[in-house]
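# Understanding the architecture of this molecule
Spelled out, the chains give:
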Amino acid sequence: MKKCFVFLAVATSLAGTCYAQDKPTTKKEQQARQKQTKVQPAPAAQVKQEQKKLPIVKFSMGMLESGRIDPGYMGTPAMVAIDALEKMTSVKKGEFESTADYNTRRSAALAGKFFGDSSIDDVFAFVAPTSKGGKYSSGLRYEFNADTGDVNLYVLPASSKYMTLNGIGAPDYTTNRREGKGLDQFELSTKIESNRTYQGGNAYGATVTVEKTRMSRVGIAANRLHFLSFERDWTYSNPTIASQFKMENSRAAKELPALKALIVMKLADPYILYNFKHVEPKRDNPVDISVQEKFFAGDVIGIVFYSGLTGEIFARLPETFGKPAPKLESVPEDKLVSQ
């Protein structure tokens, strides 16, 4: 006997379809169907492998003696190091703590390690941006004269001679306003924290779209560099050449765009200086910019310009910086002259 079933399919509509049921389903067929319809386990989710952080190589003066620096050397990561330094130096005086006890506690904190195995008494080296152009700018620069083959290197600090670092942003700003004036400044790293737009207007009903940007910046605010004798300014219309040498045009085309500089310094109290800048938006310049700056404070003891391709050192400031001490020749005893 045949039985007729009516099915309503999901994908296609089938009505009045008849199936003959001549024999019951065998046990093997049932097992085969169960095996086919068995839910397959979902594939295991791929585990995202975190990128390994490169180890931080501690700087030593011996790294400069060979006349070559590893092109992959990253120096001290400025933003990470200054955050670590800030945590160690922001020791606040307690309400009922004597000055003597506070100074003892602060000295103990400063004696520890703040960045890997580095302490505030170590020498730090920062890889600084080096770009083309010396006139009307500041920072570490280069120029190339294709007719003469001269490479001119410039070290042009932005100076706080005319504007004091205001100290805004320091953890103890309300109780201890640390300000800096007449310091040689170099930018190391800038980060955009946020960027958005909003509608601005004035009393006359005019509206304009304003771009609002918040940035953080890390740099160096050092005591006046002793090996730079020229007058400081924010920009330089007639910059003084720090170092000059010859280079073939074909090589300069490869080397100079990859030029690197290393600023080597010793930290000194107060270790960090702070500054805050704000640009108010105007109708003809609709930008709202705020920059929180933190500077390593101390003394720059030398600057090295080197190849980002081979690591060859092109210039040292001062000229003897990082060079091995000359070996003294021993004088035979019979040549000594008594006085």
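So, here is what we can say about the structure in this document. Quick caveat, the model's predicted, so the values are computed rather than measured.

This part covers the overall build of the chain. When you go through the chain residue by residue, the secondary structure sums to four helices and 13 strands. Burial statistics for the chain: of 339 residues in total, 35% are counted as buried. Sequence separation of at least 24 residues holds for 68% of the intrachain contacts in the chain that already meet a minimum separation of 6. Total accessible area on the chain stands at roughly 22600 Å², and carbon and sulfur atoms take up 52% of it.

With that settled, the discussion passes to the nonpolar core. Soluble globular proteins tend to pack their nonpolar side chains together in the buried interior. Leu85, Phe114, Leu140, Phe296, Val300, Ile303 and Phe305 are the most contacted members of the largest nonpolar core, which has 50 residues in total. It is strand β11 (residues 260-279) that provides the largest number of residues to this core, a total of seven residues. With sequence-adjacent residues up to four places away left out, Leu85 is seen in contact with Phe114, Ile120, Leu267, Tyr271, Ile272 and Phe296. One finds Phe59, Tyr73, Val264 and Val304 within the second-largest nonpolar core, a separate group that totals eleven residues.

Mapped onto the fold, Ala84 is located in helix α2 (residues 78-89). Looking at Ala84, the relative accessible area reads 18%, which means it is buried. C-alpha of Ala84 to C-alpha of Phe115: the two residues are 31 residues apart in sequence and 6.2 Å apart in space. Those residues in contact with Ala84, other than ones at most four positions away along the chain, are Phe114 and Phe115.

Let us now look at the side chain of Arg232. Locating Arg232 in the fold gives a position in the loop between β9 (207-222) and β10 (243-246). Within the local environment of Arg232, its side chain forms a polar contact with the backbone oxygen of Leu225, the two atoms lying 3.3 Å apart. A polar side-chain atom of Arg232 sits 2.7 Å from the main-chain carbonyl oxygen of Phe230.

Another point: unusual backbone geometry. The amide bond that connects Asp269 to the next residue, Pro270, takes the cis arrangement and shows omega of 15°. Position of Pro270 relative to the elements: it lies in strand β11. A cis geometry characterises the amide bond from Leu317 onward to Pro318, with omega recorded as -5°. Counting through the fold element by element, Pro318 comes out in the segment after β13 (313-317). Positive phi is not limited to glycine here, since Tyr136 has a value of about 55°. On the accessibility criterion, Tyr136 (61% relative accessible area) is exposed. Not every positive phi belongs to a glycine, and Tyr271 is a case in point at roughly 75°. For Tyr271, the position within the fold is in strand β11. Judged by relative accessible area, Tyr271 falls into the buried class, the value being 12%.

Attention shifts here to the packing of aromatic side chains. Aromatic rings considered in pairs are described by the distance between their centres and by the relative angle of their planes. Counted according to the given criterion, the structure contains five aromatic pairs. Taken together, a centroid distance of 6.4 Å and an interplanar angle of 35° make the contact between Phe114 and Phe115 tilted. Ring centres of Phe230 and Tyr236 lie 5.8 Å apart, and the angle between their planes is 85°; on these two criteria the pair is classed as edge-to-face. Side by side, Phe230 and Tyr236 carry an identical accessibility label, which is buried. In textbook terms, an aromatic cluster arises when at least three aromatic residues are bridged by ring pairs, as seen for Phe114, Phe115 and Phe124. Here the basic side chain of Arg232 rests over the ring of Phe230, its NZ or CZ set 5.1 Å away from the ring centre.

Take the sheet that holds strand β5 (residues 139-145) next. The strand order β4-β5-β6-β10 describes an open sheet built from four strands, whose pairing is mixed. Either end of the sheet is taken by a strand with one partner, and the two such strands are β4 (130-132) and β10. On average, adjacent strands in this sheet sit at an angle of 25° to one another, irrespective of strand direction. Pairing geometry for strand β6 (residues 150-156) and β10, over four bridges, is antiparallel. Each residue of the ladder has a partner; that of Val151, found in β10, is Phe245.

Procedures and definitions
Residues numbered from 1 in each chain as written. Predicted model: local features only at pLDDT ≥ 70, side-chain atom pairs only at ≥ 80, totals over all residues. Heavy atoms only, no water. Helix = DSSP H or I, 4+ residues; strand = E, 2+ residues; numbered from the N terminus. Buried < 20%, exposed > 50% of the residue type's maximum accessible area, 1.4 Å probe, protein only. Contact = heavy atoms within 4.5 Å. Areas by Shrake-Rupley, 256 points an atom, 1.4 Å probe, with all protein chains shown as cover. Core = buried A, V, L, I, M, F, W, Y, C linked by side-chain atoms within 4.5 Å. Polar contact = N/O pair within 3.5 Å; in protein donor to acceptor, adjacent residues only side chain to side chain. Phe/Tyr/Trp six-rings, centres within 6.5 Å; stacked < 30°, edge-to-face > 60°. Lys NZ or Arg CZ within 6 Å of the ring centre and 35° of its normal. Pairing = 2+ DSSP bridges. Axes fitted to C-alpha atoms, helices over the stretch in contact; angles between N-to-C directions.

Geometry only, nothing functional implied.
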